[in-house]
Amino acid sequence: MVHVTKSITVSCPRQQLFQAWRHLENLPRFMEHAEITDEQPNEFLAWRSRDGSDVQNLGSVRLRDAPADRGTEIEVDLQCETTGGKMAACLADDLRRMKQVIETGEVTR
């Protein structure tokens, strides 16, 4: 398993971001094949891949208010069966897509 941690700041309240991550129907917009294993509302969410997923993974997301009222800091911690460089790039892409979905309602291509 490869372990990767990435962070991003999104111009959005923590509660709204948590709801976006919490509602599994939203996850396929930026992350596939996940089921929730633990949560602390508006602060923490953990998941793992479902049985039969192409890539086995587990991870968590922590949400904190960004300094100077700039939105929310998101830190994603992910362990996955893949090469480290590819996983880091995929996670960074997933976070950028999530930021676009939250801030604009769509992923720009």
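All figures in this text were calculated on a predicted structure; none of them were measured in a lab.

Draft legend 1. Structural context of the sheet that holds strand β2 (residues 34–40). Strand order in this open sheet of five strands is β1-β5-β4-β3-β2, and the pairing throughout is antiparallel. Pairing within the sheet leaves two strands with one partner each, and these edge strands are β1 (2–10) and β2. Between one strand axis and the next, the sheet turns by 15° as a mean value, whatever way the strands run. Judged from the nine bridges that link them, β1 and strand β5 (residues 72–80) form a sheet pairing that is antiparallel. Its bridge partner being in β5, Val4 is matched across the sheet by Leu78. Of the strands in this sheet, β1, β2, β3 (44–49), β4 (57–65) and β5 are in contact with helix α1 (residues 14–22), which crosses β4 at around 165°.

Draft legend 2. Spatial organisation of the pattern of salt bridges. Throughout the structure, instances matching the rule amount to four salt bridges. As a salt-bridge pair, Glu35 and Arg48 come within 2.7 Å of each other at their nearest N and O atoms. One end of the pair, Glu35, is in strand β2; the other, Arg48, is in strand β3, with 13 residues separating them in the sequence. The partly exposed category is assigned to Glu35, whose relative accessible area is 25%. When the shortest N-O distance is used, the salt bridge between Glu75 and Arg64 registers 3.7 Å.

Draft legend 3. Local environment of α1. Inspection of α1 places Arg14, Leu17, Phe18, Ala20 and Trp21 among the buried residues, and these make up the whole buried set. Axial view of α1: buried residues confined to an arc of 160°, hence all on one face.

Draft legend 4. Up close: the nonpolar core. Grouped together as the largest cluster of nonpolar side chains are 21 residues, with contacts concentrated most on Trp21, Ile74 and Met98. For this core, the secondary-structure elements that each account for two or more residues are β1, α1, β3, β4, β5 and α2 (84–104). By residue number, the principal contributor to this core is α2, which donates five residues.

Parameters and conventions
Residues numbered from 1 in each chain as written. Predicted model: local features only at pLDDT ≥ 70, side-chain atom pairs only at ≥ 80, totals over all residues. Heavy atoms only, no water. Pairing = 2+ DSSP bridges. Helix = DSSP H or I, 4+ residues; strand = E, 2+ residues; numbered from the N terminus. Axes fitted to C-alpha atoms, helices over the stretch in contact; angles between N-to-C directions. Contact = heavy atoms within 4.5 Å. Salt bridge = Lys/Arg side-chain N within 4 Å of Asp/Glu carboxyl O. Buried < 20%, exposed > 50% of the residue type's maximum accessible area, 1.4 Å probe, protein only. Arc of directions from axis to C-beta. Core = buried A, V, L, I, M, F, W, Y, C linked by side-chain atoms within 4.5 Å.

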